[in-house]
Amino acid sequence: MAESFKIVENPEKPLSMHPKKFALWLFLVTIVMIFASLTSAYLVKKGDGNWRTVDLPSLFWVTSGIIVVSSAVLHIAYRAAKKDLIENVKWGLLITLVLGIAFTVGQFYSWGQLIDNNIYLVGGNPSESFVYLLSGFHLLHVVGGLIFGIVVTVNAFKYKVHSKSTTQIEMFATYWHFVGALWIYLFVFLMLNHQ
Amino acid sequence: MSTAEAKIAEEVGHDEHHEHHGNFFTNYIFSTDHKVIAKQFLITGIFWAMIGGALSVIFRMQLGFPESSLSWLKPILGQWITAEGKLDPEFYLALVTMHGTIMVFFVLTAGLSGTFSNFLIPLQIGARDMASGFMNMLSYWFFFASSVIMFISLFIETGPASGGWVIYPPLSALPQAMNGSGLGMSMWLVAMALFIVSTLLGGINYITTVINLRTKGLSFSKLPLTIWAFFLTAVIGLLSFPVLFSAALLLIMDRNFGTSFFLSDIYINGEALPNQGGSPVLFQHLFWFLGHPEVYIVLLPALGITSEVISTNARKPIFGYMAMVGSMIVIGFLSFIVWAHHMFVTGMNPFLGSVFTLLTLIIAVPSAIKVFNYITTLWGANIKLTPAMLFSIGLVSFFISGGLTGIFLGNSPVDIQLHDTYFVVAHFHLVMGSASFFGMLAGVYHWFPKMFGRMMNAKLGYIHFWLTFTGVYLVFFPLHYIGIAGFPRRYYSFTNFNAFNDFADLNMFVSVAAIITFVAQFIFVFNFFYSIWKGKLAPANPWGSNTLEWTTPRFPGHGNWPGEIPTVYRWPYDYSKPGAKEDFIPQHIPYSETPESNTPEENEKIKLESGNGDIEIKA
Ligand code: HEM
Ligand SMILES: [Cu+2]
């Protein structure tokens, strides 16, 4: 193939965002659409009748608190990266990860509470399956975020996250705040519509 | 920190080094070059089109000649031909299901958007490649994996999915319902999940590229209509495919984990299933929320290609550029709020039905604007009837004849009669199937010289066009009558209904026309592959076209332009401009070089051009 030329950078692009960050936002749009459609399906099904009220697990309050705190900590880590406070970046990321894992474990315990109340994923009313489905599918996104977070944290420990290289931590923060907000939305949605 | 920077620089250098010395694998198989990926999509799409077409010929033989023996197909179909030489009725359902799935998703979504968005976006906006070549490559390979699974499902013992391309539960949700609802349905769902991932990866890339990587001077108002179409298609796909994913997710839960989202009160052989509380109509809502936008995902790229081809070969600016863009945006928006016109007979509230009727009929307005603009562009033009132009005009014809029946169907009282008859089949085969297929063929004929550096044979192109164009009308026009007569879709045979006997001849006629049309496609396939190696070498700009791709070398390498990327100064439709030396002025020609044809406002722009210090003014 042609090897004789150099790739020249475009001068003055009409509108430019970092392509990776932009692509991440588009990816978030697809997740929004998935959950928008699932929650719409929930409402349509509920409007259809034959609906059973589900008592939401009280642990959802705790996990919601955990995910909010983790977002705040991550924000601090991100600010620290911009100021080259590398130790704070490391600690911030580690705490975020630990809280993320706590959230994951917490969701499993929440499902345990549901089971104690005789509410199962399978065999009952769709209203019950929906609670598992929404929280479970959301948790999958959290786990994806945790993997991303581990990569960023490893890089932070290699001193690769600093004021001149914030793209990765910024993208992680965007994603993490997003899944946090998504959970709050789902929790509020379920509280408003579970009966 | 500086060591980190040095390390980064090293990494980047390494990457470049790697790309320049690609081997056969990195250049042709796992390539990240958008042109190669486009060709991969195209050839896979052609492969699928042949399979999808062959399936339709088989079921058309059953419909046209229900009494004849098909035992000669036994070597290919094996157990699907019964001992009496009949097509297995369940396999008939598998055939229509796979035909629909393959054509809608694998040919007209992946084959069309995948090929032309990939090929044309970087070339027409003046970019070296897509925003992420790697994601682009992944997009193809997800499609490939999806294709492999769907293809294998054709050969498994219980047969492929058979519940229609719309896979409505409960049929699709209960493996015991029919053979095709077993393993075949599972493979369908897995294949479609991979397909959705592929589409989303591609779409994210197209949107990012169009927004961020346009060359200097290329504002959105100077974008070729092809790019507008691909861009809007990608946006629609990004918003609708995730919803199909949700539908598939819930269906998989019902099938494999025993939930009851779509299931309630079902008895099989007198025995009640445990599932309670679900609603099969819920699935239809989710499916058609994707399904209707999907028809525009299929059609818009074809309309974009048509705009470009018609304007170029009419040697006239496209009529109503802004109206074209505006109507595509309006169509895209409306396509999300009309889905329930597929569900008029699901027992919906009649008031809701009339709301959806109203919204549906509004779509006719932007559609008519587009048709009007195509015709006005053609009106009084010095038309060059290249094969691509013929196919584009054919598209406009199908868009009109198929769109008109859409207006019938959009009215809920009429649709209640016509729903699930061959009238619907006729409608969407003209307006979506044939129109988009013609758009795809027009694109291939038009951009073949840029793809392969060679020309396709025009004579074979004409023969291919006339056979296909007449064939399509001979096949699908009679289906309107058959539909009005009450023939339901997806029936294996009508011989048991006396009322339908009068139409046996018509059905036979349709089947013969379908077979001839299918065989005619081999002219294209031959022309395509022959010309890749043996076609005449293409001139730099064979159609006298304005867009940037024709400023690249005959065989553009990685990076597309050997030197600097051209800057854009004007819109892409300066054809037959009064006063101009030639009947076209490409987008990269500055106004300062065309004083003879500039309008006073354009003369004003010359100052801005020179203000950039990019070009010298020639005295
Ligand atoms: C004036 C514009 C249009 C109107 C008012 C319209 C209306 C409709 C209606 C009401 C139906 C449902 C018929 C039924 O199932 O009973 C339908 C089916 C369909 N339309 Fe259209 N349509 C229009 C344009 C299009 C276009 C542009 C496409 C594709 C590019 C398209 C593709 C389809 C398909 C694929 C189906 C059938 C899906 C199936 O049941 O398998 N339509 N149309
Ligand atoms: Cu529709």
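Along every chain, residues carry numbers that run from 1 in the direction the sequence is written. Lettering of chains starts at A and numbering of ligands starts at 1, both following the order in which they are written. In keeping with the predicted nature of the model, local features appear solely for residues at pLDDT of at least 70, side-chain atom pairs appear and are counted solely at 80 or more, and the whole-chain, interface and lining totals rest on all residues. Excluded from the side-chain calculations are hydrogens and water; all other atoms, namely the structure's heavy atoms, are used.

**As for the overall build of chain A**
Here's step 1: Secondary structure summary: chain A contains five helices and zero strands in total.
Here's step 2: In chain A, the succession of α and β elements from N to C terminus is α-α-α-α-α.
Here's step 3: Its C-alpha radius of gyration of 20 Å places chain A more than 25% over the 16 Å reference for a compact globule of 195 residues.
Here's step 4: Relative accessibility thresholds used throughout: buried, under 20% of the residue-type maximum; exposed, over 50%; partly exposed, between the two (1.4 Å probe, protein chains only). Buried positions account for 50% of the 195 residues belonging to chain A.
Here's step 5: Summing over all exposed atoms, chain A offers an accessible surface of approximately 9300 Å²; the carbon and sulfur share of this is 66%.
Here's step 6: In this tally, Asp and Glu contribute negative charge and Lys and Arg positive charge; neither His nor the terminal groups of the chain are included. For charged residues, the charge sits on one atom: NZ in Lys, CZ in Arg, CG in Asp, CD in Glu. The positive charge centre, built from 14 side chains, and the negative charge centre, built from 10, are 7 Å apart in chain A. Secondary structure is summarised from DSSP: a helix means a run of H or I of at least four residues, a strand means a run of E of at least two, and numbering begins at the N terminus for each. It is over C-alpha atoms that the radius of gyration is taken, and the globule rule equals 2.2 Å times the number of residues to the power 0.38. For every accessible area listed, the method is Shrake-Rupley and the probe measures 1.4 Å; residues are considered covered only by the protein chains on display.

**Topic: the confidence of the model for chain A**
Here's step 1: Each residue gets a pLDDT score, which is the predictor's confidence in that residue and runs from 0 to 100. Taken over all residues, the pLDDT of chain A has a mean of 90, while the share at 70 or more is 92%.
Here's step 2: Residues count as neighbours in contact if any of their non-hydrogen atoms are within 4.5 Å of one another. Below pLDDT 50 for its whole length, residues 1–12 of chain A participates in 18 contacts with residues either more than four positions away or in separate chains.

**Thoughts on the coordination of the copper ion (ligand 2)**
Residue and element names in this part refer to chain B.
Here's step 1: Only nitrogen, oxygen and sulfur atoms qualify as donors, and only when within 2.8 Å of the metal (3.2 Å in the case of Na, K and Ca); with water excluded, sites may look incomplete. All of the protein donors around the copper ion (ligand 2) are His292 (ND1), His341 (NE2) and His342 (NE2); their distances to the metal are 1.8 to 2.0 Å.
Here's step 2: Site description for the copper ion (ligand 2): donor spacing in sequence, H-x48-H-H.
Here's step 3: The distance between the copper ion (ligand 2) and the iron atom of ligand 1 comes to 4.6 Å. Of the two residues, His292 sits in helix H9 (residues 280–314) while His341 sits in the loop between helix H10 (321–334) and helix H11 (350–378), which places them 49 residues apart along the sequence.
Here's step 4: A residue is classified by how much of its surface remains accessible, and His292, at 6% relative accessible area, is buried.

**Quick word on the side chain of Ser327(B)**
Here's step 1: Looking at the element boundaries, Ser327(B) is found in helix H10.
Here's step 2: For Ser327(B), the contacting residues outside a window of four places in its chain are Pro366(B), Ile369(B) and Lys370(B).

**Details of helix H12 (residues 387–410) of chain B**
Here's step 1: End to end, H12(B) covers 34 Å across 24 residues, agreeing with the expected 34 Å (1.5 Å per residue, within 8%).
Here's step 2: For H12(B), the buried fraction is high: 17 of the 24 residues fall into the buried class. One less than the number of residues in a helix, times 1.5 Å, gives the span that helix is expected to have.

**A few points about the site of ligand 1**
All names here are of chain B.
Here's step 1: Distances are taken per atom, and a residue is near a molecule or strand as soon as one of its heavy atoms is within 4 Å of it. Close to ligand 1 lie 21 residues; Trp165, Asp415, His419, His427 and Arg489 are nearest.
Here's step 2: Polar contact is defined as a pair of N or O atoms within 3.5 Å, subject to the rule that within protein one atom must be able to donate a hydrogen and the other to accept it, and that residues adjacent in sequence are counted only when both atoms are side-chain atoms. Between Asp415 and ligand 1, the recorded distance is 2.5 Å, taken from a side-chain N or O atom to an oxygen atom.
Here's step 3: Between ligand 1 and Arg489, the relevant distance is 2.8 Å, taken from an oxygen atom to a side-chain nitrogen or oxygen of the residue.
Here's step 4: Note that Gly is not counted as nonpolar here; it falls among the polar residues with everything else outside the nonpolar set of Ala, Val, Leu, Ile, Met, Phe, Trp, Tyr, Cys and Pro and the charged set of Asp, Glu, Lys and Arg. Taken together, the residues that form the shell around ligand 1 break down as eleven nonpolar, eight polar and two charged.

**Some details on the packing of helix H15 (residues 458–484) of chain B against helix H16 (residues 504–534) of chain B**
Residues and elements named next belong to chain B.
Here's step 1: In this analysis an axis means a line fitted to C-alpha atoms, helices contributing only their contacting stretch, and an angle means the value between N-to-C directions, from 0 to 180 degrees. Their axes nearest at 8 Å, the elements H15 and H16 cross at an angle of 155 degrees. Relative to H16, the element H15 is oriented roughly antiparallel. Helix-helix and strand crossings are classified by hand; for H15 and H16 the assignment is left-handed.
Here's step 2: In the contact of H15 with H16, the residues fall into 19 nonpolar, eight polar and no charged. When describing relative orientation, an angle under 35 degrees is termed roughly parallel and one over 145 degrees roughly antiparallel, while 65 to 115 degrees is termed roughly perpendicular and anything else oblique. Left-handed is the label given to a crossing in which the near helix is rotated counterclockwise from the far helix by less than a right angle, and right-handed is the label when the rotation is clockwise.

**Here we look at the nonpolar core**
Residues and elements named next belong to chain B.
Here's step 1: Judged by nonpolar contacts, the single largest core of 249 residues is most densely connected at Phe105, Phe116 and Phe528.
Here's step 2: In terms of residue count, the dominant contributor to this core is helix H5 (residues 89–125) (21 residues).
Here's step 3: Among residues more than four places away in sequence, those in contact with Phe116 are Ile121, Phe230, Ile305, Met440, Gly443, Val444, Trp447 and Met451. For the purposes of this section, nonpolar cores are sets of buried Ala, Val, Leu, Ile, Met, Phe, Trp, Tyr and Cys residues that join through side-chain atoms within 4.5 Å.

**Quick look at the interface of chain A and chain B**
Here's step 1: Taken together, the 42 residues of chain A in the interface contact 49 residues of chain B.
Here's step 2: What gets called buried area is simply the loss in accessible area from a 1.4 Å probe that two parts show on being joined, summed for both. Together, the buried faces of chain A and chain B total about 4000 Å²; carbon and sulfur atoms form 71% of this surface.
Here's step 3: Remark: the boundary between chain A and chain B carries three residue pairs in polar contact (both at pLDDT 80 or more).
Here's step 4: Ranked by the residues each element gives to the side of chain A that touches chain B, the list is headed by helix H1 (residues 19–47) of chain A, at 14 residues.
Here's step 5: Partitioning the side of chain A that touches chain B into residue classes produces 26 nonpolar, ten polar and six charged.

**Here we look at unusual backbone geometry**
Here's step 1: The omega torsion of the bond from Pro169(B) to Pro170(B) falls at 5 degrees, within 30 degrees of zero and hence cis.
Here's step 2: Summarising the element assignment, Pro170(B) is placed in the loop between helix H6 (133–153) and helix H7 (183–212).
Here's step 3: With phi around 60 degrees, Tyr159(A) is a residue other than glycine that occupies positive phi space.
Here's step 4: Its location among the elements puts Tyr159(A) in the loop between helix H4 (126–157) and helix H5 (167–193).
Here's step 5: Of the residues examined, Tyr159(A) reaches a relative accessible area of 42% and is grouped as partly exposed.
Here's step 6: Of note, the phi angle at Asp265(B) is positive, near 50 degrees, even though the residue is not glycine.

**A word on the packing of aromatic side chains**
Residues and elements named next belong to chain A.
Here's step 1: Note on aromatic pairs: the rings of Phe, Tyr and Trp (six-membered ring only in Trp) are paired at centre separations within 6.5 Å, and the planes decide the class, stacked below 30 degrees, edge-to-face beyond 60, tilted for the rest. The tally for this structure, following the rule as stated, stands at 86 aromatic pairs over all chains.
Here's step 2: Ring centres of Tyr185 and Phe189 lie 6.0 Å apart, and the angle between their planes is 40 degrees; this geometry places the pair in the tilted category. Pair noted here: Tyr185 and Phe189 are both in helix H5, with a separation of four residues, about one helical turn.
Here's step 3: Overall, Tyr185 belongs to the partly exposed group, its relative accessible area being 38%.
Here's step 4: By relative accessible area, Phe189 is classed as buried at 8%.

**Looking at the packing of helix H8 (residues 225–257) of chain B against H10(B)**
All names here are of chain B.
Here's step 1: In the contact formed by H8 and H10, the axes pass within 10 Å of each other and the chain directions differ by 10 degrees. Here H10 runs roughly parallel to H8, going by the angle between their axes. In this structure, H8 contributes Leu225, Trp228, Ala229, Leu232 and Ile236 to the contact, and H10 contributes Tyr321, Met324, Val325, Met328, Ile329 and Gly332.
Here's step 2: Split into classes, the residues belonging to the contact of H8 with H10 amount to ten nonpolar, one polar and no charged.

**So, the environment of Leu201(B)**
Residue and element names in this part refer to chain B.
Here's step 1: Tracing the backbone shows Leu201 in helix H7.
Here's step 2: According to the relative accessible area criterion, Leu201 is buried, its value standing at 16%.
Here's step 3: Separated by 64 residues in the primary sequence, Leu201 and Met137 have C-alpha atoms spaced 9.3 Å apart.
Here's step 4: Residues in contact with Leu201, not counting those within four places in the same chain, are Met135, Leu138, Ser139 and Phe142.

**Regarding the coordination of the iron atom of ligand 1**
Here's step 1: Protein coordination of the iron atom of ligand 1 is limited to a single donor, His427(B) (NE2), positioned at 2.1 Å.
Here's step 2: Tracing the backbone through its elements, the reader meets His427(B) in helix H14 (residues 422–452).

**Considering the pattern of salt bridges**
All names here are of chain B.
Here's step 1: Salt bridges are defined by distance alone: a side-chain nitrogen of Lys or Arg within 4 Å of a carboxyl oxygen of Asp or Glu. Evaluated as defined, the whole model comprises ten salt bridges over all chains.
Here's step 2: Arg315 is the salt-bridge partner of Asp583, the closest N and O atoms lying 2.9 Å from each other. Placement of Asp583 in the loop between H16 and helix H17 (600–611) and of Arg315 in the loop between H9 and H10 is noted, with a sequence separation of 268 residues between them.
Here's step 3: Residues Asp574 and Lys577 are paired through a salt bridge, measuring 3.8 Å at the closest nitrogen-oxygen approach.
Here's step 4: Assessed through its relative accessible area of 11%, Lys577 is described here as buried.

**Some words on the confidence of the model for chain B**
All names here are of chain B.
Here's step 1: Summarising the model, chain B shows a mean pLDDT of 91, and 95% of its residues fall at 70 or more.
Here's step 2: In the model, residues 1–20 has pLDDT below 50 throughout and makes eight contacts with residues more than four positions away in sequence or in other chains.
Here's step 3: Scored as a complex, the prediction yields pTM 0.92 and ipTM 0.89.

**Notes on a nonpolar patch on the surface**
All names here are of chain B.
Here's step 1: Patch definition: residues with relative accessible area over 30% and no salt bridge; like charges joined within 9 Å; nonpolar side chains (Val, Leu, Ile, Met, Phe, Trp, Tyr) joined within 5 Å. Nonpolar side chains collect at one region of the surface, where Ile375, Trp379, Ile400, Leu404, Ile407, Phe408 and Val414 lie side by side and expose about 660 Å² of accessible area between them.
Here's step 2: Counting residues per element, the nonpolar patch draws most heavily on H12, which supplies four residues.
Here's step 3: Of note, Ile400 is situated in helix H12.
Here's step 4: Note on Ile400: relative accessible area 32%, which makes it partly exposed.

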